[in-house]
Amino acid sequence: MTHLFLIATALVVGVAMVSPAAADRTWTVQPGDTLSAVATRFAVTVRDTMERNRLTSDKLRVGQQLTIGPPTQTPQGRKRSERSSELPFDGPSYTVARGDTLSGIANKLGISLPDLQSWNPGLRLDHIRDGRRLRLGYPGRRVRYRVRRGDTLTAIARKYRVSPKQVCQWNRRLVPDRLQAGQVLTLYTKIPASESESVGTPNRGKLLHARPLKPHRAYRIRDRKRAWGTAEAVYHIRTAFDRVLARFPATPKVEVHDLSFQRGGPISHHRSHQSGRDADIAYFQKNCGRKGCAFRPVGIKNLDVKRQWALLEHWLRRDLVEAIFIDYQLQPALYRHAKKRGASSKQLKRWFQYPRGRGFPIGVVRHFPKHGDHMHVRFACHKSDKRCKTFRPFVTRQRHASR
Ligand SMILES: [Zn+2]
């Protein structure tokens, strides 16, 4: 019994001190990176990053190594229960010994009785069995779920792979058949914040737990077997097209060709498109007609600059993309339109390679041969995808095949 107790204590202490998120990470500055974009990507503050790296200004150099600290905590500081919520289901536990009482255990481990009870729903104060394993912490990630109209308890529970009973135990005031829109529920789930994972580089990578790109009023998918991506990539594609539709209700459909295979990996006609972050999309063109905008050589005369920019701007303003390959001859019109729409000179410098020449290595929107009939979007690695690698075309000089 004594050594079990010691193990349990050691686990509690260990978890409190080294949560996986607390480890320092490093980031190599990429063309187009800004300090605020990097900070946003890793959920840290600009100030903390500057201090940690002893930066005196927010200017970054391509190739510079940054040390990134643990994610910034909520302003009020995290409560004990929130920290515990990071514990996995099969994390620290305590095995009840003969003669133990719950309050005795709580005392010994230095935790509160209500905590112990909430981690172990259904636990009876007056009767605990010898040998029973008590969980020290919540089973999984803490989620605050806002109830929407039409939600049912069963559906919400299923979504997070927990039981309706557990949801009730975590939310004492919940009346099961009286869910109200707007009501906030607390849940603990083992499902990661983002299930999909982009692994490796786009040219040598794979994709786990992919999501299919679903049809949309503003695009047509050529081959759905080749239209899988990370959860973030497909989400960002759809929301960008939502935005175009919101601004221009009468918008023709554009053709979306390949993203990745469901499991990523090599895909014919491409060198990249292996890790769920790449997508080939036709340009919005004037006079696309009923059939929509196909892949066809687009010049400055037939590019639909307004719609094209509405689409790009959504990704650029949110720092969602690593690169967008667009033929150099199409960049001036987009650049001028962006400027007209209020982009600052700093943003223009970061977003566009133009007017610095088609070989210039900085600018998210940049030239790549064979992108006169479609653009190629490459989304940035999501912060939860630890094995995702940023592609560095200017270091490796690997060739990007167009489609
Ligand atoms: Zn491509």
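Residues numbered from 1 in each chain as written. Predicted model: local features only at pLDDT ≥ 70, side-chain atom pairs only at ≥ 80, totals over all residues.

J.: Help me understand the overall build of the protein chain, please; the structure alone is not making it clear to me.
T.: Looking only at helices and strands, the protein chain has 13 helices and 16 strands in total. Counting all 403 residues of the protein chain, 33% fall into the buried class. Restricting to contacts in the protein chain with at least 6 residues of sequence separation, those with at least 24 account for 69%. (Helix = DSSP H or I, 4+ residues; strand = E, 2+ residues; numbered from the N terminus. Buried ≥ 20, exposed ≤ 12 C-beta atoms within 10 Å, placed from the backbone. Contact = placed C-beta atoms within 7 Å.)

J.: Before we go on, may I ask you to explain the packing of helix 10 (residues 305-317) against helix 11 (residues 331-340) in this structure?
T.: Axis angle and axis distance: for two packed helices, these are the angle between their axes and the distance between the axes, and together they describe the pair. Where helix 10 meets helix 11, the axes come as close as 10 Å, and the angle between the chain directions of the two elements is 70°. One finds that helix 10 runs roughly perpendicular with respect to helix 11. Residues Val 305, Lys 306, Gln 308, Trp 309 and Leu 312 of helix 10 pack against Ala 333, Leu 334, His 337 and Ala 338 of helix 11. Residue classes in the contact of helix 10 with helix 11 are distributed as six nonpolar, two polar and one charged. (Axes fitted to C-alpha atoms, helices over the stretch in contact; angles between N-to-C directions. Parallel < 35°, antiparallel > 145°, perpendicular 65-115°, else oblique. Nonpolar A, V, L, I, M, F, W, Y, C, P; charged D, E, K, R; others polar.)

J.: Quick question: what am I supposed to make of helix 9 (residues 231-247) here?
T.: The periodicity of an α-helix, 3.6 residues per turn, causes residues three or four positions apart to be oriented the same way. With 17 residues, helix 9 should cover 24 Å at 1.5 Å per step; its first-to-last C-alpha distance of 25 Å lies within 8% of that length. Taken together, the buried positions of helix 9 are occupied by Glu 232, Ala 233, Val 234, His 236, Ile 237, Ala 240, Phe 241 and Val 244. Looking at the buried residues of helix 9, the elements they touch are strand 9 (211-212), strand 10 (219-221), strand 11 (228-229), strand 13 (278-282), helix 10 and strand 16 (374-379). (Expected span 1.5 Å × (residues − 1).)

J.: Whenever I open this one, the pairing of strand 8 (residues 204-208) confuses me. Can you help?
T.: The side chains of a regular strand alternate between both faces of the sheet. Covered by surrounding structure in strand 8 are Gly 205 and Leu 207 only, the residues Arg 204, Lys 206 and Leu 208 on the alternate face being uncovered. Relative to strand 8, strand 7 (residues 197-201) runs antiparallel, the two being bridged by five bridges. If you follow Glu 197 over to strand 8, its bridge partner there is Leu 208. The turn linking strand 7 back onto strand 8 is made up of two residues. (Pairing = 2+ DSSP bridges.)

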